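Structural features, examined
Listed below, chain by chain, are the residues.
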Amino acid sequence: MPAPVTVKPRPGTTFTLGADTTVHTHPGSPEARRVGEYLAGVLRPSTGYRLPVVPGASGRDISLVLTGADPAVGEEGYQLDVTTRGVIIRARTAAGLFAGVQTFRQLLPAKAESGTKQDGPWTVPGGSVVDHPRYAHRGAMLDVARHFFPPDEVKRYIDRIAAYKINKLHLHLTDDQGWRLEIKSRPNLTAAGSTTQVGGGTGGFYTQDEYRDLVEYAAERFITVIPEIDLPGHTNAALVAYPELNEDGIAREPYTGIDVGFSSVAIHKDETYEFLDDVLREVAALTPGEFIHIGGDEALKTTDEDYLAFMGRLLPLVAKYGKKALGWHEFLKATPDASAVAQWWGTEPKAPELVEAAKRGNKVILSPATKSYLDMKYREDTELGLKWAGFVEVEQSYSWDPGAFVADLPADAVLGVEAPLWTETVEDRAALEYLVYPRLAGIAELAWSPASALGWDGYKERLAAQAPRWRAQGIAFYESPQVAWK
Ligand code: TNX
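Small disclaimer: the values here were computed from a predicted structure and weren't measured.

What follows covers the layout of surface pockets. Its volume calculated, the largest pocket comes out at about 470 Å³. The wall of the largest pocket is formed by 21 residues, among which Tyr38, Gly41, Val42, Asp159 and Arg221 lie closest to the centre. Breaking the lining of the largest pocket down by element, the ones donating at least two residues are helix 1 (30-47), helix 2 (94-107), helix 3 (151-162) and helix 5 (208-220). If one sorts the elements of the lining of the largest pocket by residue count, helix 1 sits on top with eight residues.

A few words on the packing of aromatic side chains. Inspection of the entire model under this criterion finds 22 aromatic pairs. Ring geometry for tyrosine 38 and phenylalanine 98: centres 4.7 Å apart, planes at 55°, overall tilted. One end of the pair, tyrosine 38, is in helix 1; the other, phenylalanine 98, is in helix 2, with 60 residues separating them in the sequence. An aromatic cluster is built from Trp328, Trp345, Tyr373, Trp388 and Trp422, whose rings are joined through pairwise contacts. Between arginine 186 and the ring centre of tyrosine 242, over which it is positioned, the NZ or CZ distance is 5.3 Å. Geometry around tyrosine 217 places arginine 221 over its ring, the cationic atom sitting 3.6 Å from the centre.

On to empty space enclosed by the protein, then. Taken as a whole and judged by the stated rule, the model has three cavities of 30 Å³ or more. Within this model, the largest cavity holds a volume of roughly 90 Å³. Looking at the lining of the largest cavity, the elements with two or more residues in it are helix 2 and helix 15 (467-472). Of the residues forming the lining of the largest cavity, the biggest block, three residues, is contributed by helix 2. Taken together, the residues of the lining of the largest cavity sort by class into three nonpolar, four polar and three charged. Lining the lining of the largest cavity are residues from two domains, each supplying at least three of them: domain 1 (6-131) and domain 2 (137-472).

Buried residues dominate strand 5 (residues 78-82), accounting for five of its five residues. Neither face of strand 5 is open: one carries Tyr78, Leu80 and Val82, the other Gln79 and Asp81, and all of them are buried. Pairing of strand 5 with strand 6 (residues 86-90) involves four bridges; the strand directions are antiparallel. Its bridge partner being in strand 6, aspartate 81 is matched across the sheet by isoleucine 88. The hairpin formed by strand 5 and strand 6 contains three residues between the paired strands.

Time to look at the pattern of salt bridges. In total, this model carries 32 salt bridges according to the counting rule given. The closest approach of N and O atoms between glutamate 76 and arginine 138, which form a salt bridge, is 2.9 Å. Here the residue glutamate 76 occupies a position in the loop between strand 4 (61-65) and strand 5, and arginine 138 occupies one in strand 8 (residues 137-143), the gap between them amounting to 62 residues. Taking the relative accessible area as the measure of exposure, glutamate 76 reaches 23% and is therefore partly exposed.

Here is what the cut-offs are and how they apply
- Starting from 1, residues in each chain are numbered consecutively following that chain's sequence as written.
- With the structure being a predicted model, the display of local features is reserved for residues of pLDDT at least 70 and the display and counting of side-chain atom pairs for 80 or more, all residues being used for whole-chain, interface and lining totals.
- In computing side-chain properties, one takes all heavy atoms of the structure into account and sets aside hydrogens as well as water.
- Using protein atoms alone on a 1 Å grid, points that fit a 1.4 Å probe yet trap it form a cavity, whereas open point sets bounded by protein on both sides within 12 Å along at least five of seven lines form a pocket; residues with an atom within 4 Å of a point count as lining.
- Grid points are joined across faces, edges and corners, and a volume is the space filled by probe spheres set on the points.
- Helix numbering and strand numbering both begin at the N terminus, where a helix is a DSSP run of H or I of at least 4 residues and a strand a DSSP run of E of at least 2.
- Two aromatic rings, drawn from Phe, Tyr or Trp (for Trp, its six-membered ring), form a pair once their centres lie within 6.5 Å of each other, and the interplanar angle then sorts them: stacked below 30 degrees, edge-to-face above 60, tilted otherwise.
- Only Lys NZ and Arg CZ are tested; either one counts as a charge over a ring when it is within 6 Å of the ring centre and within 35 degrees of the ring normal.
- Only Asp, Glu, Lys and Arg are considered charged in this grouping, and only Ala, Val, Leu, Ile, Met, Phe, Trp, Tyr, Cys and Pro are considered nonpolar; every other residue, Gly among them, is considered polar.
- Domain extents, as shown, originate in an automatic or database domain assignment.
- To sort residues, take the accessible area from a 1.4 Å probe on protein chains only and compare it with the maximum for the residue type: under 20% means buried, over 50% means exposed, and anything in between is partly exposed.
- Pairing between strands is defined by DSSP: at least two bridges between them are needed.
- By definition, a salt bridge exists where a carboxyl oxygen of Asp or Glu is found within 4 Å of a side-chain nitrogen of Lys or Arg.

None of the figures reported here should be taken as evidence of function without further support.
Structure follows, in C-alpha cells:
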C-alpha cells in the first residue's frame with residue numbers, strides 16, 4: 001500500500017532477516033547510507049538485531065544501490081528484489097531507495113512495526129517489484145492553527161505519511177484562532193496571536209529553530225514542507241497582534257470558535273503590505289521548497305475587486321522572495337501567472353475555473369472535500385469531524401480517479417492529490433489518528449498508484465492487511481464496517 005506498478009512473486013522463495021543481517025549501502029553515497037540508517041532505525045526496536053549499516057556492494061543481506069534499476073523507475077521509483085540470498089533495492093536516487101524501503105517494510109510481518117522487541121521469524125516473501133509514482137505531488141495537510149500540535153506530534157505524523165510514500169507536508173500555520181510560526185521582525189504575531197486555539201486552550205507556536213528542525217526532519221524522509229500563511233481572510237490572529245492591519249486600526253479580540261469568513265486584513269493600507277513583506281521574507285528564508293501557500297480561501301468579507309487588488313500586491317511579494325505561489329482555488333480569480341498552482345477543494349466535479357486556469361498553464365492539486373477531506377465525519381454517528389461536505393466513508397474517500405474526476409480538466413494539468421486535515425474538532429493525537437486512518441492510505445494510493453491498479457475490491461483487501469501494522473504502531477483507527485479488517 002500504495003499498490004505498486006508491477007509485482008512478480010517468486011513462489012516458494014523467502015528471505016529471512018537474522019541476527020547477523022547487514023544493511024549494505026551504495027559505496028560513496030552518504031544519502032544512500034542515511035536511507036540505510038533509517039531502515040535499520042525502523043527495524044532495530046522490534047527485531048532487537050544490531051543491523052549494522054555498511055557502505056559497500058553486496059548481493060547478500062539487504063542492499064541499497066543507486067545503479068542497475070529498471071529504467072522505468074524514473075527519479076522517485078525503485079526496483080525491489082527478494083531472493084533467498086537477500087534483498088536488493090535499486091533506484092536512481094535516494095528518494096527512490098527510500099520509497100523502496102517503505103515497500104520492503106510492508107513485506108515483513110506486521111510486528112516489525114512495533115516499538116518493542118518481538119519474536120521472529122522475520123521472513124519476507126520472494127519476488128520482484130518495479131514501482132514509480134503517478135503524481136509528483138502526494139500531499140497531506142495538517143491544520144496546526146485551529147489546534148496546535150507540538151513538534152514531536154508533527155514528527156510522528158511525518159513518519160506515518162512517509163510510510164505511504166507521501167512527499168509533501170502542507171502546514172496550515174495561520175488562521176483566525178492562532179498564528180503558529182515565529183516571525184522575528186513581527187514578534188507580536190506569536191506573543192499575542194498564538195496563545196489561543198479552538199475551545200480556548202493555550203495554543204502554541206514553533207520557534208524558527210523548531211520549524212527548521214521540522215523541515216529538516218521531513219527532508220530526511222524525502223518530504224517537502226509547504227508552509228501556508230492564509231490571506232487575506234482567516235487572519236484574526238494577526239489582527240489581534242497588529243492593530244494597523246485592521247481597516248479601523250483597532251486590534252481584534254482573540255477568537256476561539258469555528259466560524260469562517262469573518263476576518264480580513266486591510267486591503268488598501270500600505271501597512272498591510274509592509275507586514276506581508278516581512279512575513280514572506282522570513283517564511284521564504286525558512287523554506288527550501290519551491291512553494292509558499294498563500295491561502296486565499298473563504299475571503300467572504302472581501303469584494304472581488306478588493307480581492308484582485310490584494311492578490312495583485314501579494315503575488316509579487318511571493319516572487320520577490322524567490323518562491324512560487326500555491327493557493328486554494330479561489331485565488332485563480334486573480335489570474336496568477338502559469339507558475340502558480342491551485343489547490344481545488346470543491347465538492348462538485350464541475351469546476352470551469354480550473355479548466356480555464358489549466359488552459360493558461362496553471363497546474364492543479366486535487367483536494368475534493370467530498371473525497372479527500374480527512375476532517376469529514378465517516379457517518380452520521382461519528383463523534384469527531386464536520387459534515388458540511390457530507391459523510392465521507394472509506395469507500396467514498398477512495399473511489400475516484402484523480403486523472404478523470406473534474407469534468408473537462410486535462411489529465412496533465414493534475415500535479416497531484418492532497419488530503420487535508422482541518423482540526424476544529426481535533427484536539428490530540430487520538431482524534432487525529434481516528435480521522436486520518438484509514439482514509440489517508442487511500443488518498444496516498446490515488447496519488448502514487450497507476451489508474452490501472454486502482455479499484456475498491458482490491459483496495460479493501462490490501463487495506464484490511466494494514467490493520468495489524470497500525471495496531472503494532474499503537475494507532476487507534478476507525479474500524480469501518482465496509483472493510484473485513486484482519
Ligand atoms: C473550509 S476548505 C476551510 C477551512 C475549514 C474547513 C473545515 C478551505 C480551503 N477552508 O477553513 O477548516 O472548511 O472542513
